[in-house]
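If you want the building blocks of each chain, they are given just below.
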Amino acid sequence: MTHPASTHPFLDLAPLSAARFAAIEDRVARLLGTEQDVVIMQGEALLPLEGAIRGTAGPGTVALNVITGPYGQTFGDWLRDCGATVIDLAVPFHTAVTADQIRESFAEHPEIDFVSLVHAEAATGNTNPVAEIGEVVRAHGALFYLDAVASIGAEPVLPDAWGVDLCVIGAQKAMGGPAGVSAVSVSERAWARMAANPGAPRRSYLSLLDWKERWVDGGRKALLHAPAQLEMLALEACVERIEADGLEAVMARHRAAAVSARAGAVALGGGLEPYVYDAREAAPVATTLRVPAGVVASEVVARAVAGDAGLPLAAGGGALAKEMIRINHYGGDAAVDVVRGCVAALGAALAAEGLGVDVEGALRAVDAGWR
């Protein structure tokens, strides 16, 4: 008699072949519009984010590390741990870095040979002008490392056109896919930098060079280790869905969600206002809001989600928990009904604080902003 558990659809799967793994990589490469090598790594995006830095940075590296949110701070820590000299360019979290600021940093420190940047910071709600920055970095000749985990699927991510040497993505946000696998596109310059770096991880889960030498250079015939089967199939399904809908349509939904969430929050009143001052610098993946003085953001969020725990509302991380609210309208939550639900719930929560709000006016603003 066959035990029922042995026929569970998640457990009774044929092994994922190297050919299918490679085909999924090819589809991710098409999503990025890149001719570079794309490596899918078997872990959440922190794996290639750290692996790419440790593979290319060392004691001789002089890195310009742009900080527009918490991930930029993490990258600086990794770079210093590798022995790199790190020049931090920190800008207020309510704004974006500019290409001119990057250019000025190069003028002050012409020895810079590595630039690390986060495209969209879901944690703070800003997005950086990577196309313009890429032109400046390319002209200077530095290696360009980009965290596009939050931006992929919500706004254009074009590593080849922008001169990005290491572009890391994850599927768990705007792509609406799994968190357990991630990918990185790697330029020939980046591979060469790794090959020349004696400190680059080898025979390590962090090693991109292992994937290069044992997977890419081998014609993608034999995998390094057993793949994360379910996560790879989920990634394949996620990319298929984006292909069917059309990437432009998926990005348009995220843009509409951001515009309508911002409009709704402004119309709501009660002292709530956009955390990112300039709408042009606001990320389409998430809208961040600042609560009025005397109000604690985390308490507002707790009250707002009490009636519907499925609303994609969160307080800011760390010290930002007191002042910031995030509407995480990404993936399946990039929908007008979701934005309406979030705005209405925030209105009710602020009203409970004794603040005057206009929920009906806010919902009209959401509907008008959805286009």
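Residues numbered from 1 in each chain as written. Predicted model: local features only at pLDDT ≥ 70, side-chain atom pairs only at ≥ 80, totals over all residues. Heavy atoms only, no water.

By the naming in an unreviewed UniProt entry, the protein chain is Aspartate aminotransferase, taken from Streptomyces viridochromogenes. Taken verbatim from the UniProt record of the protein chain, the Cofactor (unreviewed entry) comment is "pyridoxal 5'-phosphate". The annotation that UniProt attaches to the protein chain under Sequence similarities (unreviewed entry) is "Belongs to the class-V pyridoxal-phosphate-dependent aminotransferase family." (UniProt positions renumbered as here; feature names shortened; annotations may be inferred.)

Draft legend 1. Structural detail: the environment of V38. Of note, V38 is situated in strand β1 (residues 37–41). Spatially, the C-alpha atom of V38 lies 9.2 Å from that of C167, the residues being 129 residues apart in sequence. Contact partners of V38, with chain neighbours within four places excluded, come to E25, V28, A29, A183, V184 and S185. (Helix = DSSP H or I, 4+ residues; strand = E, 2+ residues; numbered from the N terminus. Contact = heavy atoms within 4.5 Å.)

Draft legend 2. View of the pattern of salt bridges. By the definition in use, this model includes 19 salt bridges. The residue E236 makes a salt bridge to R20 at a minimum N-O spacing of 2.7 Å. You can see E236 sitting in helix α9 (residues 229–245) and its partner R20 sitting in helix α1 (residues 18–32), a full 216 residues away along the chain. E236 gets classed as buried once you look at its relative accessible area, which sits at 11%. For R20, a relative accessible area of 39% corresponds to the partly exposed category. The salt bridge partner of R220 is E25, with a shortest N-O separation of 3.1 Å. Taken together, the residues R220 in the loop between α8 (208–216) and α9 and E25 in helix α1 connect sequence positions 195 residues apart. Each of E25, D26 and R220 takes part in a single network of salt bridges with overlapping partners. (Salt bridge = Lys/Arg side-chain N within 4 Å of Asp/Glu carboxyl O. Buried < 20%, exposed > 50% of the residue type's maximum accessible area, 1.4 Å probe, protein only.)

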